[in-house]
Amino acid sequence: MSKDAIKVLIIGSGPAGYTAAIYAARAGLSPVLYTGGQPGGQLTITNDVENYPGYPDGINGPQMMLDFQKQAERFGTKINYGLATSVDFSGYPLKVLVDDKHEVLAESVIIATGASAKYLGLPSETLYNNKGVSACAVCDGYFYRGKGVAVVGAGDPAAEESTYLAKLCTKVHLIVRRDEMRASKIMQQRVFNTPNIEIHWNTEREEILGDDNGVNGIRVVNNKSGKKRVIAIQGFFLAIGHKPNTDIFRGILDMDETGYIQVMPGSTKTNIPGVFAVGDAADKVYRQAVTAAGTGCMGALDAEKFLVAKELEVA
């Protein structure tokens, strides 16, 4: 093994990456973490986190990620700012290129690159992000109890978000671009059977409206009649899917059709020995901070076992 190789290289931050770093550092593996393009992950654009255990009064998302980082550093994790731009897992040690110029050698790699919610591209999405615009009903639905909201989408995610929000909100407006949904039949039936969900068929979202207090409406247009209208809402939820940040691993790691890294059941192991995937890069079902942190722990433990086995091979 090259003396320059890092024992545990963690690509990406956020709850998964930082938790992996905490466990690896406490195991004496001297992990090195590269933060990625969005240090701290999606929680850095989340104002209030109220569903993570241990914070009875909630916590600001960026502050939470700073706490995670400090804890990882406390045990000796070396944190570098940089983006992994390509990898070579064909030999050993494993090779990762950072910022297209710096090659890093590693005995094991934990991938914690996360996933990004898909947005519509409206300027108002950015303007009202965390002021009424959200891409996660489970994360933020609680803030809209007793209020009216809109959900954009037509697949299973939109159906799930709508029925979840319907339990909390007085009215859910489901904006569907066509005259039918893409969701599975059972999910569609749940939507149809929920009385406070109103489906707006053949409808395009034109603009999110609001003021200094946040979102207060959405302007939509019927794509058949051309008629426009404004729907009064306080929350606007995107449910058009997520894109895992895994492009640099295509053709190297096994993935599903949407780009989520496939791991062996009950573990974080990928098809490449010594490479582990944690958090939203491999999880298309739960996508929560607490589940990401749990898999980060698993990734570090899996990496430790792998390195021990490697040492025994050499001995």
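All of these numbers come straight from a predicted model, not from anything done at the bench. (Residues numbered from 1 in each chain as written. Predicted model: local features only at pLDDT ≥ 70, side-chain atom pairs only at ≥ 80, totals over all residues. Heavy atoms only, no water.)

Trainee: Talk me through the overall build of the chain; I want residue IDs and the actual numbers.
Mentor: Scanning the chain for helices and strands turns up seven helices and 20 strands. Taken over the C-alpha trace, the chain has a radius of gyration of 22 Å; the compact-globule value for 315 residues is 20 Å, and the two agree within 12%. Here the C-alpha coordinates of the chain stretch approximately 75 × 40 × 35 Å along the principal axes. Counting the 315 residues in the chain, one finds 50% classified as buried. Expressed as a percentage of contacts within the chain between residues at least 6 apart in sequence, the contacts between residues at least 24 apart total 58%. Only carbon and sulfur atoms are counted for the fraction: they give 50% of the accessible area of the chain, which is about 15,300 Å². Taking the average place of the 32 positive charges on the side chains of the chain and the average place of its 34 negative ones, the gap between the two points comes to 4 Å. (Helix = DSSP H or I, 4+ residues; strand = E, 2+ residues; numbered from the N terminus. Rg over C-alpha atoms; globule rule 2.2 N^0.38 Å. Buried < 20%, exposed > 50% of the residue type's maximum accessible area, 1.4 Å probe, protein only. Contact = heavy atoms within 4.5 Å. Areas by Shrake-Rupley, 256 points an atom, 1.4 Å probe, with all protein chains shown as cover. Lys, Arg positive; Asp, Glu negative; His and termini not counted. Charge placed at Lys NZ, Arg CZ, Asp CG, Glu CD.)

Trainee: How would you explain the pattern of salt bridges if you had to name every residue and give the values?
Mentor: For the coordinates displayed, the defined rule picks out 10 salt bridges. Residues lysine 7 and glutamate 107 are paired through a salt bridge, measuring 4.0 Å at the closest nitrogen-oxygen approach. Of this pair, lysine 7 sits in the segment before strand 1 (9-11) while glutamate 107 sits in the loop between strand 8 (102-106) and strand 9 (109-111), and the two are 100 residues apart along the sequence. With a relative accessible area of 29%, lysine 7 lands in the partly exposed category. (Salt bridge = Lys/Arg side-chain N within 4 Å of Asp/Glu carboxyl O.)

Trainee: Give a detailed account of the sheet that holds strand 6 (residues 84-88), specifying residues and quantitative values.
Mentor: Read across the sheet, three strands follow the order 6-7-8 without closing on themselves; strand pairing throughout is antiparallel. Looking at strand neighbours, the two that pair on one side only are strand 6 and strand 8, the edges of this open sheet. Averaged over all adjacent pairs, the angle separating strand axes in this sheet is 25°, with direction ignored. Looking at chain direction, strand 6 and strand 7 (residues 94-98) are connected through four bridges and run antiparallel. Paired with serine 86 across the bridge in strand 7 is leucine 97. (Pairing = 2+ DSSP bridges. Axes fitted to C-alpha atoms, helices over the stretch in contact; angles between N-to-C directions.)

Trainee: Go over the state of the cysteines, please, and point to the residues and values.
Mentor: Throughout the structure, instances matching the rule amount to one disulfide. The partner cysteine of cysteine 136 in its disulfide is cysteine 139, sulfur to sulfur 2.2 Å. Residues cysteine 136 and cysteine 139 are joined through a disulfide that is right-handed, its torsion about the S-S bond being 70°. A relative accessible area of 27% places cysteine 139 in the partly exposed class. With no disulfide partner, cysteine 169 has as its closest neighbouring cysteine sulfur the one in cysteine 136, 13 Å distant. Since its relative accessible area comes to 5%, cysteine 169 is described here as buried. (Disulfide = S-S within 2.5 Å.)

Trainee: Before we move on, can you summarise the layout of surface pockets with the specific residues and values?
Mentor: The space that makes up the second largest pocket amounts to roughly 310 Å³. Along the walls of the second largest pocket sit 17 residues, with Asn130, Lys131, Gly132, Phe143 and Tyr144 positioned nearest its centre. For the lining of the second largest pocket, the secondary structure elements donating two or more residues are strand 11 (133-134) and strand 16 (214-222). Within the lining of the second largest pocket, the residues separate by chemical class into four nonpolar, eight polar and five charged. (1 Å grid on protein atoms, 1.4 Å probe; cavity = no way out; pocket = protein on both sides within 12 Å on 5 of 7 lines; lining within 4 Å. Points joined across faces, edges and corners; volume = space filled by probe spheres on them. Nonpolar A, V, L, I, M, F, W, Y, C, P; charged D, E, K, R; others polar.)

Trainee: Explain the side chain of aspartate 283 to me, using residue names and the numbers behind them.
Mentor: Within the secondary structure layout, aspartate 283 lies in the loop between strand 20 (275-277) and helix 7 (289-314). Of the buried charged residues, aspartate 283 lacks a salt bridge, with arginine 287 as the closest side chain of opposite charge at 6.6 Å. Polar side-chain contacts of aspartate 283 include one of 2.9 Å to the backbone nitrogen of arginine 287. (Polar contact = N/O pair within 3.5 Å; in protein donor to acceptor, adjacent residues only side chain to side chain.)

Trainee: So what about the packing of aromatic side chains? Which residues, and what values?
Mentor: Applying the stated rule across the entire model yields seven aromatic pairs. On the numbers, 6.3 Å between centres and 70° between planes, the contact of tyrosine 92 with phenylalanine 306 is edge-to-face. Placement of the pair is tyrosine 92 in the loop between strand 6 and strand 7 and phenylalanine 306 in helix 7, with a sequence separation of 214 residues. Given the relative accessible area of 32%, tyrosine 92 is considered partly exposed. By relative accessible area, which is 15% here, phenylalanine 306 ends up buried. With a centroid separation of 6.2 Å and 70° between ring planes, the pair formed by phenylalanine 276 and phenylalanine 306 is classed as edge-to-face. Note that phenylalanine 276 is positioned in strand 20 and phenylalanine 306 in helix 7, a separation of 30 residues in sequence. The exposure classification of phenylalanine 276 matches that of phenylalanine 306, with both residues buried. Every member of this aromatic cluster is reached through a ring pair, and the members are Tyr52, Tyr55 and Phe68. It is arginine 26 that lies over the ring of phenylalanine 75; its NZ or CZ is 5.2 Å from the centre. (Phe/Tyr/Trp six-rings, centres within 6.5 Å; stacked < 30°, edge-to-face > 60°. Lys NZ or Arg CZ within 6 Å of the ring centre and 35° of its normal.)

Trainee: Please provide a residue-by-residue account of the pairing of strand 8, values included.
Mentor: In terms of strand pairing, strand 7 meets strand 8 through five bridges, oriented antiparallel. Within strand 8, the position partnered with valine 98 by the bridge is histidine 102.

Trainee: Describe the nonpolar core, and please don't skip the residues or the numbers.
Mentor: Most often, soluble globular proteins have nonpolar side chains that are buried together. In terms of nonpolar packing, the biggest core is built from 30 residues, with Val8, Ile10, Tyr18, Tyr52, Met64 and Ile110 touching the most fellow members. Ignoring sequence-local partners within four residues, the contact set of valine 8 consists of Ala24, Leu29, Ser30, Pro31, Val32, Ser108, Ile110 and Leu307. Within the second largest apolar cluster, 23 residues are counted, among which are Phe89, Val96, Val98 and Phe249. (Core = buried A, V, L, I, M, F, W, Y, C linked by side-chain atoms within 4.5 Å.)

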